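Each chain, letter by letter, is given below.
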Amino acid sequence: MTDSPDPGTVAGPVLPGADAALFLDMDGTLLEIAARPDAVIVPPELPDLLMRLQAALGGAVAVVTGRGLAVARGYAGVPSLPIGAEHGAVLDPPLPGAVPLPVPPPEWRRAADEFAAARPGTLAEHKTHGFVLHFRQRPEAAPEALAMLASLLREDAKGFHVVPAHAAAELRPVQADKGGAVRRLMAVAPFLGRRPIFIGDDVTDEDGMAACAEYGGYGLRVPDDFAGRPALVRAWLRRVASSLEGDGHPG
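The structure reproduced in this document is the subject of the present report.

Analysis parameters
Residues numbered from 1 in each chain as written. Predicted model: local features only at pLDDT ≥ 70, side-chain atom pairs only at ≥ 80, totals over all residues. Heavy atoms only, no water. 1 Å grid on protein atoms, 1.4 Å probe; cavity = no way out; pocket = protein on both sides within 12 Å on 5 of 7 lines; lining within 4 Å. Points joined across faces, edges and corners; volume = space filled by probe spheres on them. Helix = DSSP H or I, 4+ residues; strand = E, 2+ residues; numbered from the N terminus. Nonpolar A, V, L, I, M, F, W, Y, C, P; charged D, E, K, R; others polar. Buried < 20%, exposed > 50% of the residue type's maximum accessible area, 1.4 Å probe, protein only. Pairing = 2+ DSSP bridges. Right-handed = clockwise from strand over helix to strand, strands pointing away. Core = buried A, V, L, I, M, F, W, Y, C linked by side-chain atoms within 4.5 Å. Contact = heavy atoms within 4.5 Å.

### Points about empty space enclosed by the protein
Part 1 of the reasoning: In the structure shown here, the tally under the stated rule is one cavity of 30 Å³ or more.
Part 2 of the reasoning: In terms of lining, the largest cavity is formed by 32 residues, of which the most central are Asp27, Ile33, His134, His166 and Ala168.
Part 3 of the reasoning: Residue assignment for the lining of the largest cavity shows that the elements contributing at least two residues are β5 (123–126), β6 (131–134) and β8 (168–173).
Part 4 of the reasoning: Among the residues making up the lining of the largest cavity, the classes are represented as eleven nonpolar, nine polar and twelve charged.

The following block contains the structure:
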């Protein structure tokens, strides 16, 4: 038994109106953090919840995540859902005018794999435009991981930078951040003219929240607004969908 509150009994932030647009991070926000990125458990009700939100908000719902596109698409389980993957480096469906972003050279990827192979408990997660060194199961490897990635950039940055995250460090293109994904989506229907809300848990989500503020919206932080619990985020999103459906919006 636990003393944690039942997600269904926690009110959470004020519910948005029908003019909202939702931008949702994945790990630590919609999904509980796992010891390894490939050990995440996706709640079976998540696709239905995302579809309800889409219907209630006229389609103005997107997932904006650091995950690769194939993984994010599989976890969300909604083919029509816009996804900004790899922190916005990949947008699906693509929008006109996208600027091609660089990919890491093969020797950088080999260095990441060799680093992880030499340190059990660490993991190199590869994406199209970068990669992540995870050390949640070996936190003492954090300084070495950051130093190794920094050493690659000292040789030739090639348009990349290193971004620390929860128990991980990511090498990704300088031009790729979640704020960019928000801005590109806010320029087109069904997001155009809506009040955007970004929900996230990590430092990488702050760019998305800042972009939402530019359009009169705001950010909700999982540690502050949902007691650090993705279950409470999902419960609140169910309340959002029910509230809008109750107002006569489709869903």
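Resuming the write-up.
### Overview of the pairing of strand β2 (residues 61–64)
Part 1 of the reasoning: Side chains Val61 and Val63 of β2 all project onto a buried face; the interleaved residues Ala62 and Val64 project onto the opposite face, where all are buried too.
Part 2 of the reasoning: Pairing between strand β1 (residues 20–24) and β2: three bridges, direction parallel. Bridge pairing in β2 places Leu24 opposite Val63.
Part 3 of the reasoning: Note on the crossover from β1 through helix α1 (residues 46–56) to β2: the handedness is right-handed.
Part 4 of the reasoning: Note: β2 against strand β3 (residues 83–85), two bridges, orientation parallel. When the sheet's bridge partners are listed, Val63 is paired in β3 with Ile83.

### Comments concerning the nonpolar core
Here is a general trend for soluble globular proteins: nonpolar side chains tend to be buried in one another's company.
Part 1 of the reasoning: Residues Ile199 and Leu237 are the most contacted members of the largest nonpolar core, which totals 36 residues.
Part 2 of the reasoning: Going through the elements one at a time, β1, α1, β2, α2 (69–76), β3, β9 (195–200) and α8 (230–246) are the ones with two or more residues in this core.
Part 3 of the reasoning: Apart from residues lying up to four places away in sequence, Leu237 is in contact with Leu22, Leu24, Leu30, Leu49, Leu53 and Ile199.
Part 4 of the reasoning: Phe115, Met148, Leu152 and Ala169 belong to the second-largest nonpolar core, a separate cluster that totals 18 residues.

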